[in-house]
There are 2 protein chains.
Amino acid sequence: VVEQTLADVGEFGLVDRLLELVGPGRPGEVGPGDDAAVVGLVGPVVATTDVLVEGLHFRLDWAEPLEVGAKAAAQSCADVAAMGGRTDALLVGFGGPPSTPVELALGLMRGLVDEAARAGARVVGGDVVRSESLLLSVTALGTLLGPHPVQRSGACPGDRVVVAGSLGASAAGLAVLMTSDPGLRKQHAGVVARHRRPVPDYDLAVALARAGASAMIDTSDGFAADAGHVARASGVGLVVDCAALPVAAGVAAAGHALGVDPLTWVLGGGEDHAFLATMPAGADLPDGVQVVGEVVEGSGVVDTAGRPLAGGHDHFGGGS
Amino acid sequence: VVEQTLADVGEFGLVDRLLELVGPGRPGEVGPGDDAAVVGLVGPVVATTDVLVEGLHFRLDWAEPLEVGAKAAAQSCADVAAMGGRTDALLVGFGGPPSTPVELALGLMRGLVDEAARAGARVVGGDVVRSESLLLSVTALGTLLGPHPVQRSGACPGDRVVVAGSLGASAAGLAVLMTSDPGLRKQHAGVVARHRRPVPDYDLAVALARAGASAMIDTSDGFAADAGHVARASGVGLVVDCAALPVAAGVAAAGHALGVDPLTWVLGGGEDHAFLATMPAGADLPDGVQVVGEVVEGSGVVDTAGRPLAGGHDHFGGGS
């Protein structure tokens with residue numbers, strides 16, 4: 001059996017296959033296949049967009065297409081959840097060379113549909129184009145479930161800093177994958193799986209918003225960098241007790257095996273898509289949330305000994 | 001003065017410059033700079049996404065960055081208008097290599113902001129990533145102004161086929177650009193300008209929806225191909241009087257100069273972003289709309305002599 005490529009089926013052929021996979025719109029809505037989708041959202045719309053490029057944001061020798069698609073959806077749905085919202089609809093842009101196997105494109109879309117369903121959403125529209133590198137653009141549209149949008153800028157001195165979810169697994173998994181050692185990959189399959197497909201706890205983020213979170217962000221750039229974003233946007237300082245940070249299962253073991261301090265991954269590793277929130281003194285914390293520090297007057301993010309937290313990265317390898 | 005690149009300013013440096021250009025969100029909304037934007041849309045949301053890649057969808061040796069950005073926005077806003085909607089918000093994904101001049105990225109965004117304003121919208125969010133080729137993803141979110149979404153599938157036998165806007169300028173301009181002849185480019189500057197930056201009449205599309213359009217599409221793939229989309233989705237045939245098609249200014253002259261039948265561009269050329277609609281017998285036609293044919297029982301798109309209309313293209317150069 002010769003594998004079909006995009007050149008074989010053409011743009012419209014691929015679109016037909018993708019539409020079949022995604023399914024029609026809900027009654028009263030307009031699903032994929034027209035000029036635009038029409039989605040029945042109630043109230044203010046939460047909207048975010050992400051672009052992912054092969055070789056930079058994902059590698060298909062390290063993950064199945066389904067995992068890559070699911071991770072792309074998770075990234076956008078986590079952004080909606082970090083505002084206190086639930087994702088209702090995804091729009092997906094797909095680009096690839098004519099030599100791309102049709103099954104690969106369908107696998108990516110299966111992952112997007114799968115993670116969308118986990119978040120309470122479905123794919124309602126998209127675009128298919130030719131491009132040199134494989135690429136995905138994912139736009140998530142959602143509804144606010146909290147009393148108001150939870151921004152990065154609302155943290156106040158006296159608030160507790162909390163984390164929903166665990167940290168370090170994605171970076172640990174990436175480090176294991178980079179060794180190219182099949183034994184290590186097998187031994188540390190848990191963190192590798194989390195690198196390939198993060199599983200954000202969307203409901204817990206919404207619970208934090210409903211409990212009165214003053215600020216929230218998902219840890220996509222890494223805990224230290226994302227804590228820095230909150231501190232900067234809010235005009236406050238954050239003091240973090242590193243010993244209290246929720247370290248993901250398998251991170252310590254991977255650190256031991258690779259000779260890396262797990263805290264490097266916990267503080268500096270991106271793509272965990274946990275949620276960092278600040279909670280006013282009176283707020284009840286939902287179950288499963290970890291208190292990791294407090295908001296203070298000042299600026300920057302430090303540990304309990306006053307040392308700046310290291311971590312984060314810049315996609316252009318540049319300055320400032 | 002050494003030109004700054006993305007590598008010089010870094011991802012966060014570029015984001016800061018783009019945020020400055022785009023401006024803050026409206027009161028009560030969340031604009032760019034947080035995990036997600038929050039937009040106060042009323043009623044069902046019209047949503048569409050497009051991906052554009054340098055070398056395939058645009059060439060920066062043929063157009064200014066501002067024109068490329070404006071064209072990208074126009075493409076998505078025209079899709080919203082073709083449903084009978086007005087675009088309220090754009091989300092923009094930008095990808096480029098570290099060597100990309102900052103001014104180029106800012107120029108693209110200026111064009112996006114400019115065309116968004118022409119459509120009644122603003123840029124509310126986005127993403128900046130590294131990629132080998134320059135790329136843009138544009139998502140448009142809008143509000144329905146017509147009584148219901150105007151889909152491709154509503155055309156009925158007996159309806160008139162109408163066009164809002166004119167046809168052929170984009171393809172004629174492209175043909176002139178491809179000659180690389182500075183004299184021709186100057187002589188046919190009008191169609192070249194339309195190729196670089198189409199100016200869809202968003203209001204006229206909304207007027208068609210309000211007047212009761214049974215189906216509508218914007219001519220992005222070319223009139224013949226887009227008429228085919230409507231015929232297929234509606235399960236009808238379209239008979240088009242080619243002599244009645246509104247040929248854009250300058251198309252006939254460019255055809256004469258290049259020895260090309262202008263009808264080739266009028267029927268086959270994409271990216272004019274005119275609007276093709278079908279109007280029930282009783283509907284009043286808004287001013288500026290041209291009747292070009294009628295909907296009949298059957299299938300396919302033919303001229304008044306019964307010959308199939310040629311045109312359209314496939315982005316993967318593929319079959320089916």
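Note that the coordinates shown come from a computational prediction; the quantities given were computed from them, not determined experimentally.

Draft legend 1. Structural view of helix α7 (residues 202–210) of chain B. Taken as a whole, α7 of chain B has its buried residues at Tyr-202, Leu-204, Ala-205, Val-206, Leu-208 and Ala-209 of chain B. One or two residues past the end of α7 of chain B sits Gly-212 of chain B, with phi positive at roughly 105°.

Draft legend 2. Seen up close, the sheet that holds strand β4 (residues 122–130) of chain A. Pairing is mixed across the open sheet formed by five strands, whose spatial order is β4(A)-β3(A)-β5(A)-β2(A)-β1(B). Of all the strands in the sheet, just β4 of chain A together with β1 (37–39) of chain B have a single pairing partner and so form its edges. Averaged over all pairs of adjacent strands, the angle between their axes in this sheet comes to 20°, without regard to strand direction. Across 10 bridges, the pairing between strand β3 (residues 85–96) of chain A and strand β5 (residues 135–144) of chain A is antiparallel. Residue pairing across strands places Phe-94 of chain A opposite Leu-136 of chain A, the latter belonging to β5 of chain A.

Draft legend 3. Highlighting unusual backbone geometry. All names here are of chain B. One non-glycine residue, Ser-180, lies in positive phi territory at about 55°. Locating Ser-180 in the fold gives a position in the loop between α4 (169–178) and α5 (182–187). If you check the backbone angles, His-273 has positive phi at about 55° while not being a glycine. Tracing the chain through its elements places His-273 in the loop between α10 (262–268) and β9 (275–279). For His-273, a relative accessible area of 3% puts it in the buried group.

Draft legend 4. Examining the environment of Gly-107 of chain B more closely. Residue and element names in this part refer to chain B. The topology assignment puts Gly-107 in helix α3 (residues 102–119). Judged by relative accessible area, Gly-107 falls into the buried class, the value being 6%. Apart from the residues within four sequence positions on either side, Gly-107 is in contact with Pro-65 and Leu-66.

Draft legend 5. The arrangement of the sheet that holds strand β7 (residues 215–218) of chain B in detail. Residues and elements named next belong to chain B. If you trace the six strands from one edge of the open sheet to the other, you get β7-β9-β6-β10-β8-β11, paired in mixed fashion. Looking at the sheet topology across the chains shown, the edges are occupied by β7 and β11 (300–303). Going across the sheet, the axis of each strand differs from the next one's by a mean of 25°, ignoring polarity. Here strand β8 (residues 237–240) pairs with β11 via four bridges, running parallel. Residue pairing for β11: Val-239 is matched across the bridge by Val-302.

Draft legend 6. Quick look at the packing of α4 of chain B against helix α9 (residues 251–258) of chain B. Residue and element names in this part refer to chain B. Following both chains from N to C, one finds α4 and α9 inclined at 35°, their axes separated by 10 Å at the closest point. Considering the relative orientation of α4 and α9, their crossing is left-handed. On α9, the residues touching Ala-169, Ala-172, Ala-175 and Val-176 of α4 are Val-251, Ala-254 and Leu-258. For the contact of α4 with α9, a count of residues per class yields seven nonpolar, no polar and no charged.

Here is what the cut-offs are and how they apply
Residues numbered from 1 in each chain as written. Chains lettered and ligands numbered in written order. Predicted model: local features only at pLDDT ≥ 70, side-chain atom pairs only at ≥ 80, totals over all residues. Heavy atoms only, no water. Buried < 20%, exposed > 50% of the residue type's maximum accessible area, 1.4 Å probe, protein only. Helix = DSSP H or I, 4+ residues; strand = E, 2+ residues; numbered from the N terminus. Pairing = 2+ DSSP bridges. Axes fitted to C-alpha atoms, helices over the stretch in contact; angles between N-to-C directions. Contact = heavy atoms within 4.5 Å. Left-handed = near helix turned anticlockwise from the far one by under 90°. Nonpolar A, V, L, I, M, F, W, Y, C, P; charged D, E, K, R; others polar.

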